[in-house]
Amino acid sequence: GYQVSIFDSAGIYLRDEFTSTEAYTYTLEKNKVDKAGRDFFIQVLARGNNNQVGEGVKFKVENPQPAAVTGLSTGSSYNSIQVDFISPNDIDYIGVDMRFRKVGITAWSLALFIAGTSCTVPKLNSGEEYEIELTSVDQFGAGASTSVITSTTKVEAAEIDGLSNWATELDPVDLTF
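Residues numbered from 1 in each chain as written. Predicted model: local features only at pLDDT ≥ 70, side-chain atom pairs only at ≥ 80, totals over all residues. Heavy atoms only, no water.

Peer 1: So what's going on with the sheet that holds strand S5 (residues 70-76)? Residues and values would help.
Peer 2: Ordered in space as S5-S6-S9, the three strands form an open sheet in which the pairing is antiparallel. Edge strands, defined here as strands with exactly one partner in the open sheet, are S5 and strand S9 (118-121). Within this sheet the neighbouring strands show an average axis-to-axis angle of 15 degrees, counted without direction. Summarising the sheet, strand S6 (residues 81-86) and S9 pair through four bridges and their orientation is antiparallel. Counterpart to Ile-81 in the pairing with S9 is Val-121. (Pairing = 2+ DSSP bridges. Helix = DSSP H or I, 4+ residues; strand = E, 2+ residues; numbered from the N terminus. Axes fitted to C-alpha atoms, helices over the stretch in contact; angles between N-to-C directions.)

Next up, the structure:
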């Protein structure tokens, strides 16, 4: 049989498992219980019938952070912004944390966690420019973030001086009447 020992990234012992086959799976659930994290070590020792221990092998397991989403695009309405993106190809990717802020404001608002590939940020002020950033998330936490992009909500006609309520977008021709 085999003795499989798990150590965290600092080399601190976490657990032993024993198996009679060459195959062993250290599951995400075991990792969460052990709090081994994204990077850890596994040591495998062969054990004989009389409990003799063979020379073992120790190796590092690394689970890199997920890459940033790609294809980030936005569209706007009068009081909302639509955000669309392409998820990274990462086996344990679960979604993104999206944060946004009005341009000129230093504090970010964590808007929401997105499990899909698009969302709408509602209840924004019309005619305002917003900054948006998405951070990929996997089972172990945050990964890479996108560059900050901006999007401006549309202005409602009632808010534009000189336009009647029938106009829905600012058009230079409208201003000549």
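Peer 1: Give a description of unusual backbone geometry that names residues and reports values.
Peer 2: In this structure, Lys-35 is a non-glycine residue whose phi angle is positive, near 60 degrees. In this structure, Lys-35 sits in the loop between helix H1 (28-34) and strand S3 (39-46).

Peer 1: Go over the environment of Gly-37, please, and point to the residues and values.
Peer 2: Tracing the backbone through its elements, the reader meets Gly-37 in the loop between H1 and S3. Residue Gly-37 is classed as partly exposed on the basis of its relative accessible area of 24%. The sequence separation of Gly-37 and Phe-140 amounts to 103 residues, and the corresponding C-alpha distance is 6.6 Å. What Gly-37 contacts, discounting residues up to four positions off in sequence, is Asn-31 and Phe-140. (Buried < 20%, exposed > 50% of the residue type's maximum accessible area, 1.4 Å probe, protein only. Contact = heavy atoms within 4.5 Å.)

Peer 1: Give a description of the pattern of salt bridges that names residues and reports values.
Peer 2: For the structure shown, the criterion picks out seven salt bridges. Arg-38 serves as the salt-bridge partner of Asp-138, at 2.8 Å between the closest nitrogen and oxygen. Pair noted here: Asp-138 is in strand S10 (residues 129-138) and Arg-38 is in the loop between H1 and S3, with a separation of 100 residues, a long-range link. Using a relative accessible area of 2% as the deciding quantity, one classes Asp-138 as buried. Assessed through its relative accessible area of 16%, Arg-38 is described here as buried. The partner of Lys-60 in a salt bridge is Glu-62, with the nearest N and O atoms 3.8 Å apart. Judged by its relative accessible area of 55%, Glu-62 falls in the exposed class. Overlapping salt bridges, with partners in common, bring together Arg-15, Glu-17, Lys-30 and Asp-34 in one network. (Salt bridge = Lys/Arg side-chain N within 4 Å of Asp/Glu carboxyl O.)

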